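Close look at the chain arrangement
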Amino acid sequence: MSNLQDGGVISPTVIDWEKDLCWLWGHSIAVHRHKMYVMGGKMALVAEKKGLLSNDSLITGTNGHLRILDFSRSLDLSQDNITKALRVDPYVPVLTRAQLFANANGLYQFGSGTSGGAFLNDTGHKLPEEEWPRDGDTKVHRFDLSRHSWRPPWESGLGEETPQDGLVAVDQDGEVGWVYGGTKDLRVSVMALIRFDMHGKEKPVGEIVKTVNSEVVPGLERGELVYLGGVGKEGMLVLIGGEVSESTIHDKPSLHTINVYDIASSTWFTQETSPASNGKSTPSDSGRTGHCAVAASARDNSSHNIYMYGGQTEPTVHGDMWILSLPSFTWIGPVSMGGMDVVGGSTKLDLHRCAVMQNRYMVVYQGRDWDTPDEQCNPHNGVRLFDLQAIEWTTRYEFSNDQVPYKVPKVVYDVVGGDENGGATLTLPQAHVDPTLKEILAPQTTTTSTPPEVPEPSPDPVPSVGVIVGCILGGLIALGVLILLVVYLRRRSKRRARAESDGTEYRGKPELDAVVPQELACRQVQPLPGFYNPAQDIVPVNFEPVEFPHEDVPRVYHELPGARHSVAELQQ
């Protein structure tokens, strides 16, 4: 490995910060809506490749850009550039492995420490130190994703306990972040779990969580913290690898034992792992650092599979892939990976980062193979794709707006049982398990173990011509009926007023009765026998007796049987 030095004497060749990086390592990432955001870390440029004049083959410095990788469309890494680089404002700290989160409101970064290297301008020259971005502090710095600008910072709420290089995880909704460990004050380990709640808050802050059994977990850095949404009542955090750093002490916990945190009960547990029945071993007893890990869960939550890739066990840099399947705590691997020819370089990586996209792809970004010659840069602008289902490397990324379910790969369900949709039968650790942890690990009936893919808003559907014409005609008819009703009521009101002025009683217009169709006319309904007939109690109002028939018509009288008086007597 070449002796890398910060800065160099170079020519004024303009650098394309989106394409010209050779290596990037020790950076931080966050994911939101199919985009990966990258901050900080150390970078290297190939001097000869860019025609830069330097005494070293690599020009190194600190990454002073916010990098945005866009996975919101189908693409091929061998043809498409998906990286955009934005220069970070000078007042924003640029660090090595700071804590970084993202949600709809923005990108949040906090961390102590320093950048650890020089900054270069757009021609590759080393900037004066007074122009370098500031060191870490105790504040939260937010990047507004809609405006693409940094906003004024605020205190993180952690004070002197603000870590650098903490192990970061985020829940399935992307609203609650978790940080474990990290370092402060010249590599003093932070022995704390921090909860960073972004949900509905304009200025979220960190909170140190009071946990049970915290003494079983060492302070760690350069490891991975993985969130599992389908375990327990509120999810589980899983610690994978890392090292304890206290001054000159570098103790790497064995991967034979895994620490997990139940969020609902705020309790840490330690669980021994086992190799697969068809496997030969588990990852190295010497532990591992600088690796990356992601998780994907079966639809029925019967298995949760954590993919661990690369990393370092001094002095070896690894390029292997292991899968830790929960709740059985079974190590599967190293798995045989296909598509090695499309990688375009060494699969050995250290200090890289990775995330899951579309519940199918592990996106690996940058990292460093210390055994690779300096001039052999990371392929495809440092982006690699691993298909979690096919267990192979690929350059092709298929995008879908629909939520794509994770399919359990054959290499996993051959060990834990079931099929690609779940149904695992190996659901308990083979080693001894704490009774409380055993109850927590019982498979949940919900299927919320993977972050939901949020589709981009689609335009509203356009109504058909027939619907539009129908609505117009219906409106016109209703308007016509309303006009006729208004005219009728106005005429009726005028007649009533005229009748009142004449001193007569208004009785409506008789001829209106004649125009009512017979089928619409009111008909008298005969009451049923034995039921009350309200018509019997009706008393005529304003009845004016009239003589009928007319006097010119002969009158005919009939005498009723049993009458006290005859007709003749009454006429007298």
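Residues numbered from 1 in each chain as written. Predicted model: local features only at pLDDT ≥ 70, side-chain atom pairs only at ≥ 80, totals over all residues. Heavy atoms only, no water.

**Brief notes about the pattern of salt bridges**
- Here the structure, examined in full by the defined rule, presents 13 salt bridges.
- Linking Asp122 and Arg87 is a salt bridge whose minimum nitrogen-to-oxygen distance equals 2.9 Å. Of this pair, Asp122 sits in the loop between strand E10 (106–110) and strand E11 (139–144) while Arg87 sits in strand E8 (residues 83–87); the two residues are 35 residues apart in sequence, bridging distant segments of the chain.
- The class of Arg87 is partly exposed, set by a relative accessible area of 36%.
- Among the ionic pairs, Asp165 bridges to Arg97, the shortest N-O distance being 2.8 Å. Here the residue Asp165 occupies a position in the loop between strand E13 (154–155) and strand E14 (167–170), and Arg97 occupies one in the loop between E8 and strand E9 (99–103), the gap between them amounting to 68 residues. Taken individually, Asp165 and Arg97 each receive the classification buried, so the pair is uniform in this respect.
- By sharing partners, the salt bridges in this structure join Arg222, Glu243, Lys252 and Asp350 into a single network. (Salt bridge = Lys/Arg side-chain N within 4 Å of Asp/Glu carboxyl O. Helix = DSSP H or I, 4+ residues; strand = E, 2+ residues; numbered from the N terminus. Buried < 20%, exposed > 50% of the residue type's maximum accessible area, 1.4 Å probe, protein only.)

**Side note on the state of the cysteines**
- The final tally for this structure, using the stated rule, is two disulfides.
- Residue pairing for Cys22: its cysteine sulfur links by disulfide to Cys377, the two sulfurs lying 2.1 Å apart. Residues Cys22 and Cys377 are joined through a disulfide that is left-handed, its torsion about the S-S bond being -105°. A residue pair is termed long-range when its members are at least 10 positions apart, and Cys22 in the segment before strand E1 (23–25) and Cys377 in the loop between strand E34 (361–365) and strand E35 (383–387) qualify at 355 residues.
- Cysteine pairing for the chain, with bonded cysteines counted in sequence order: 1-4, 2-3. (Disulfide = S-S within 2.5 Å.)

**Side note on the pairing of strand E33 (residues 353–357)**
- Counting buried positions along E33 yields four of five residues, so the element is predominantly enclosed.
- Both E33 and E34 contribute to a ladder of five bridges, which runs antiparallel. Following the sheet pairing, Ala355 is matched in E34 by Val363.
- Between the end of E33 and the start of E34, which pair antiparallel, lie three residues, with Gln358 showing a positive phi angle near 60°. (Pairing = 2+ DSSP bridges.)

**Looking at the packing of aromatic side chains**
- Counting across every chain of the model gives 15 aromatic pairs.
- Seen in terms of ring centroids, Phe101 and Phe110 are 6.4 Å apart; in terms of plane orientation they differ by 25°. Their pairing is stacked. The two residues Phe101 and Phe110 agree in class, both being buried.
- Here Trp322 and Trp331 contribute two aromatic rings whose centre-to-centre distance is 6.1 Å and whose plane-to-plane angle is 90°, an arrangement assigned as edge-to-face.
- For Trp322, a relative accessible area of 4% puts it in the buried group.
- Accessibility expressed as a relative area gives 1% for Trp331, which makes it buried.
- Clustering of aromatic rings is evident, with ring pairs tying together Phe101, Tyr108, Phe110, Trp154 and Phe196.
- Over the face of the ring belonging to Trp23 we find Arg368, whose NZ or CZ atom lies 4.5 Å from the ring centre.
- We note Arg368 situated over the ring of Trp25; from NZ or CZ to the ring centre the distance is 5.9 Å. (Phe/Tyr/Trp six-rings, centres within 6.5 Å; stacked < 30°, edge-to-face > 60°. Lys NZ or Arg CZ within 6 Å of the ring centre and 35° of its normal.)

**Here's the deal with the sheet that holds strand E6 (residues 65–70)**
- The strand order across the open sheet formed by four strands is E2-E3-E6-E8, and the pairing between neighbours is antiparallel. The open sheet has two edge strands, strand E2 (28–32) and E8, and neither has a second partner. On average, adjacent strands in this sheet sit at an angle of 20° to one another, irrespective of strand direction.
- For E2 and strand E3 (residues 35–39), the ladder comprises five bridges, and the chain directions are antiparallel. When the bridges of E3 are listed, Ser28 appears paired with Met39. (Axes fitted to C-alpha atoms, helices over the stretch in contact; angles between N-to-C directions.)

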